Amino acid sequence: MTRKLLFLNGIAIIFAVYHHSIYWAVTAINYWGDRFISSATPELLSIPNAFSLFLRITDQIAGSAVPAFLFVSGFLYSFSLDRQTIRQSYRLIQKRILYLLFPYIIWSTVTVVFRAIEGRSYTVVELIRVYLLGEADAPFYYVPLIIQMIILSPFLFKAVKKYPVVILSIAFVIQALSSIPWYFKILEITPLQSLNFLSVFKSSYLFSHLVWFLIGIVFFIYRQKIIAFLKKYLWGFLFLIAFTFFIGQLEIQQLMNASGNNWINSQASIVTRFFYSFLILAFAVFWENNASVSRIEFIGARSYGIYLSHILTIEICARLMYHILPFILGQTVIFLGILVFLGVGTPLLIMYVSRITPLKTVYSYLWG
Amino acid sequence: METQTIIQKFILDELAKGRKKTIDVDDDLLGEGIIDSLGILQLVAFIEEKFNYTVPDEDVVIENFMSVSALSHYLDQKLASKG
């Protein structure tokens, strides 16, 4: 059981790279059409067909990356904090936060410098937001988020140990509430004044993501009971996964029709968020590692460094292809394959170089 | 090579890169930040590959992974009982 979490981390980082690569695939289809001749058009994205369904389904599944990271973190922090006092827990946490913060600051700075070279200027407030809220690039939000959860983890662990059902139920309700402003935004609805309180949840990643960290903690403490329960109700559980998956897809199509958008990121949908919770639990309970997992585990062990550095890598690759190999932009599946391969492979290569050069003395500060 | 040396070398070469140049067998691995929680997973994977021994879930507790000596002691016991 424990070892497959390393595999899950590996799959999750590949999913994260894929999910962010789709942004460039959609950008190519929507805005770079003059660079290639292909059947991949903006219209093709908005109507259900084999191509658009492939992109939407894979994107929906790949969106489980961050929930999976949080689940693994919740599980592992529970392992570290089990039978520790709050004081001992914070001693453990201090070092961990340090090795999360240093690479985050370095890669945020690299991103800011890259954007400045591109011509973007930052105000002081924007720079503060970059480091404090993870706004160097969209996926950087994950680091302040996980640090908040780690800081809360000694208390969360004790609370979950005592009241697992109550705490999880509250977290699910808060997560559902945090999705509602997303629907208002997509459908361009001005909410009633009585619903103004929802704006509290609007921009809080903690509210919308806490549930997966908590599921990790609950799973660590009660895994025997959870495994026995889910194995007993296997078919019902599989039905739930399939049901939330299909409803999530239908929901996205309806939202696209109603809003006129030709692409919607499904990660904030209430139904899809339930789907992620079920999918991760299904993996943790039913997945059996086989002999071929070690490469994915290798990637999983380096997931944090890949996560921080893949954003720029895939952006540079996509822009290079725009200039040098524009015909690939229209071959969406090949384009995505190249971006994922380079998005995972390039950080791994730089990590390897860091290990065999004098940079090895600061390896953990660069990559975590 | 004895279990303790193998584990110590793996931690030093793979997990503590850039964190510590030397580790003592009694150093608190998590407490001193020599490895992180993901490092525990890597240790479990390494033990399973190197010693051909599957670490049961119930044995993945902080006491067994506290230090190199605690881990090698646990592993020596398990490998001996396995025969």
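Scoring rules and cut-offs
Residues numbered from 1 in each chain as written. Chains lettered and ligands numbered in written order. Predicted model: local features only at pLDDT ≥ 70, side-chain atom pairs only at ≥ 80, totals over all residues. Heavy atoms only, no water. Helix = DSSP H or I, 4+ residues; strand = E, 2+ residues; numbered from the N terminus. Rg over C-alpha atoms; globule rule 2.2 N^0.38 Å. Contact = heavy atoms within 4.5 Å. Areas by Shrake-Rupley, 256 points an atom, 1.4 Å probe, with all protein chains shown as cover. Lys, Arg positive; Asp, Glu negative; His and termini not counted. Charge placed at Lys NZ, Arg CZ, Asp CG, Glu CD. Patch = residues over 30% accessible without salt bridge, like charges linked within 9 Å, V, L, I, M, F, W, Y side chains within 5 Å. Salt bridge = Lys/Arg side-chain N within 4 Å of Asp/Glu carboxyl O. Buried < 20%, exposed > 50% of the residue type's maximum accessible area, 1.4 Å probe, protein only. Axes fitted to C-alpha atoms, helices over the stretch in contact; angles between N-to-C directions. Parallel < 35°, antiparallel > 145°, perpendicular 65-115°, else oblique. Left-handed = near helix turned anticlockwise from the far one by under 90°. Nonpolar A, V, L, I, M, F, W, Y, C, P; charged D, E, K, R; others polar. Domains from an automatic or database assignment. Polar contact = N/O pair within 3.5 Å; in protein donor to acceptor, adjacent residues only side chain to side chain. Buried area = accessible area lost by both parts, 1.4 Å probe.

### A word on the overall build of chain A
Moving on, step 1. When you go through chain A residue by residue, the secondary structure sums to 17 helices and zero strands.
Moving on, step 2. The C-alpha radius of gyration computed for chain A amounts to 21 Å, which stays within 12% of the reference 21 Å derived for 368 residues, consistent with globular compactness.
Moving on, step 3. The dimensions of chain A, computed from C-alpha atoms along their principal axes, are 60 × 55 × 50 Å.
Moving on, step 4. Sequence-distant contacts in chain A: of pairs separated by 6 or more residues, those separated by 24 or more amount to 80%.
Moving on, step 5. Roughly 17,300 Å² of accessible area belongs to chain A as shown, and the carbon and sulfur atoms make up 70% of that amount.
Moving on, step 6. Side chains of chain A carry 27 positive and 13 negative charges; the gap between the two charge centres is 16 Å.

### Some words on a nonpolar patch on the surface
Residue and element names in this part refer to chain A.
Moving on, step 1. A contiguous nonpolar surface patch, about 470 Å² in accessible area, is contributed by Ile-316, Leu-320, Ile-324, Leu-325 and Phe-327.
Moving on, step 2. It is helix 14 (residues 303–324) that contributes the most residues to the nonpolar patch, three residues altogether.
Moving on, step 3. Following the sequence through the fold, Ile-316 ends up in helix 14.
Moving on, step 4. On the basis of relative accessibility, which here comes to 36%, the residue Ile-316 falls in the partly exposed class.

### Description of the packing of helix 1 (residues 4–31) of chain A against helix 14 of chain A
Residue and element names in this part refer to chain A.
Moving on, step 1. In contact at an axis separation of 10 Å, helix 1 and helix 14 are set at 25 degrees when each is read in the N-to-C sense. Between helix 1 and helix 14, the interaxial angle falls into the category roughly parallel. Once helix 1 is placed against helix 14, the crossing between them reads as right-handed. Seen from helix 1, the contacting residues are Asn-9, Ile-13, Ala-16, Val-17, His-20, Ser-21 and Trp-24; seen from helix 14, they are Ser-303, Ile-306, Tyr-307, His-310, Ile-311, Ile-314, Glu-315, Ala-318 and Arg-319.
Moving on, step 2. In terms of residue class, the contact of helix 1 with helix 14 is made up of nine nonpolar, five polar and two charged.

### Overview of the domain arrangement of chain A
Residue and element names in this part refer to chain A.
Moving on, step 1. Domain boundaries in chain A define domain 1 (7–62 + 312–368) and domain 2 (71–289).
Moving on, step 2. Its C-alpha centre places domain 1 at a distance of 22 Å from the equivalent point of domain 2.
Moving on, step 3. At the junction of the two partners, domain 1 supplies 28 residues and domain 2 supplies 34 residues.
Moving on, step 4. Our count for the domain 1 to domain 2 interface comes out at two salt bridges.
Moving on, step 5. Here Glu-118 makes a salt bridge to Arg-319, at a shortest N to O gap of 3.7 Å.
Moving on, step 6. One can count ten residue pairs in polar contact (both at pLDDT 80 or more) joining domain 1 with domain 2.
Moving on, step 7. Elements with a contribution of two residues or more to the side of domain 1 that touches domain 2: helix 1, helix 2 (42–46), helix 3 (50–62), helix 14 and helix 17 (363–367).
Moving on, step 8. When residues in the side of domain 1 that touches domain 2 are grouped by element, the largest group, eight residues, is from helix 1.
Moving on, step 9. When grouped by side-chain class, the residues that make up the side of domain 1 that touches domain 2 number 16 nonpolar, eight polar and four charged.

### Side note on the side chain of A:Arg115
Moving on, step 1. Relative to the elements of secondary structure, A:Arg115 occurs in helix 5 (residues 86–118).
Moving on, step 2. Among the polar contacts made by the side chain of A:Arg115, one reaches the side chain of A:Glu315 at a distance of 2.9 Å.

### Examining the interface of chain B and chain A
Moving on, step 1. Contacts between the two partners involve 26 residues from chain B, matched on the other side by 32 residues from chain A.
Moving on, step 2. Regarding the contact of chain B and chain A, the summed buried area is about 2,600 Å², with carbon and sulfur atoms giving 56% of it.
Moving on, step 3. Considering only the surface of chain B that becomes buried against chain A, B:Lys17, B:Leu41 and B:Asp57 emerge as the three largest contributors, covering 24% of it.
Moving on, step 4. Residue B:Glu63 is joined to A:Arg83 by a salt bridge in which the shortest nitrogen-to-oxygen separation is 2.8 Å.

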